[in-house]
Amino acid sequence: MNEWKATSQSLSDLPEVAESLLAFAGDVRAIAFYGDLGAGKTTLIKAICHVLGVQEAVTSPTFGLIHEYKGAEAPVIHADLYRIRREEELEVLGWDEYLDDPQAWLLIEWPERAGDQLPLPRVELALELVANGQRQLIAKYLSKEDFSH
């Protein structure tokens, strides 16, 4: 299965959606979250962090850009790249170090700001607010083979 779809009706179903997305991701530890402001990226990431065993409060790293959490089995890195204007700015953040830990989960908001600096393989998740607070989620795998044409 190369694609995953879900509809989130309310906050109460987010734990189930998060578990399903993580099951789809399998061994792929990087998830890129695409969506407009207010699409629910940070809210879903909070649910994912909870499923991964993060005990501390999960907050948006918009101003700090990256938050690190201790998960039950592996570190969880939550990056919000909204304020990044050029790929080169990632070097100052130590971006490569975050990519080097194969055990860590890397959850990236506004991944389009990273340009070619996103890890492969990864899961790309599009979130869209559709109606009455419902969100449509569609995820797919991306690997090096997808760029080798």
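Up top you'll find the structure we're talking about.
All values reported here derive from a predicted model rather than from experimental measurement.

> Help me out: how do you make sense of unusual backbone geometry in this one?
A cis amide bond links Leu120 to the next residue, Pro121, at an omega of -5°. Its place among the elements puts Pro121 in the loop between β5 (105-109) and β6 (122-131). The backbone of Trp110 sits at a positive phi, close to 55°, despite the residue not being glycine. By secondary structure assignment, the location of Trp110 is in the loop between β5 and β6.

> Help me out: how do you make sense of the pairing of strand β3 (residues 66-70) in this one?
A regular strand places its side chains so that they alternate between the two faces of the sheet. Pairing of β3 with strand β4 (residues 75-80) involves five bridges; the strand directions are antiparallel. Looking at β4, one finds that Glu68 is bridged to Ile77. Adjacent in sequence and paired antiparallel, β3 and β4 are bridged by four residues.

> What should I look at first to understand the pairing of strand β2 (residues 30-34) in this one?
Most of β2 sits inside the fold, with four of its five residues counted as buried. Examined bridge by bridge, β2 and β5 share four bridges and lie parallel to one another. Of the residues in β5, the one forming a bridge with Phe33 is Glu109.

> Sorry if this is basic, but what is going on with the nonpolar core here?
Buried together is how nonpolar side chains tend to be arranged in soluble globular proteins. Within the largest apolar cluster, 31 residues are counted, with the highest numbers of intra-cluster contacts made by Trp4, Leu21, Ile31, Phe33, Leu44, Ile48 and Leu125. Looking at which element gives the most residues to this core, the answer is helix α1 (residues 14-25), with seven residues. If we skip the residues at most four places from it in the chain, Phe33 touches Lys41, Leu44, Ile45, Ile48, Leu107, Ile108, Glu109, Trp110, Pro111, Leu125 and Leu127. By size, the runner-up hydrophobic cluster in this structure holds 16 residues, among which are Ile66, Ile84, Trp95 and Ala114.

> So what exactly am I meant to see when it comes to the sheet that holds strand β7 (residues 134-142) here?
Note on sheets: strands pair through backbone hydrogen bonds, and any given pair is parallel or antiparallel. Strand order in the open sheet formed by seven strands is β1-β7-β6-β2-β5-β4-β3, and the pairing between neighbours is mixed. With one partner strand each, in any of the chains shown, β1 (3-8) and β3 form the two edges of the open sheet. Mean inter-strand twist for the sheet, computed between neighbouring axes without regard to direction, equals 20°. Strand direction decides the pairing type here: β2 and β6, joined by four bridges, are parallel. Bridging from a neighbouring strand, Ile31 pairs with Val123 of β6. Lying over the sheet, helix α2 (residues 41-51) contacts β2, β3, β4, β5, β6 and β7, oriented at roughly 170° with respect to β5.

> Is there a simple way to explain the packing of aromatic side chains in this structure?
Ring pairs (aromatic) are described by centroid distance and by the angle formed between their planes. Scanning the model with the defined rule gives two aromatic pairs in all. Above the face of the Tyr82 ring, Arg113 is positioned so that its terminal group lies 4.9 Å from the ring centre.

Basis of the calculations
Residues numbered from 1 in each chain as written. Predicted model: local features only at pLDDT ≥ 70, side-chain atom pairs only at ≥ 80, totals over all residues. Heavy atoms only, no water. Helix = DSSP H or I, 4+ residues; strand = E, 2+ residues; numbered from the N terminus. Pairing = 2+ DSSP bridges. Buried < 20%, exposed > 50% of the residue type's maximum accessible area, 1.4 Å probe, protein only. Core = buried A, V, L, I, M, F, W, Y, C linked by side-chain atoms within 4.5 Å. Contact = heavy atoms within 4.5 Å. Axes fitted to C-alpha atoms, helices over the stretch in contact; angles between N-to-C directions. Phe/Tyr/Trp six-rings, centres within 6.5 Å; stacked < 30°, edge-to-face > 60°. Lys NZ or Arg CZ within 6 Å of the ring centre and 35° of its normal.

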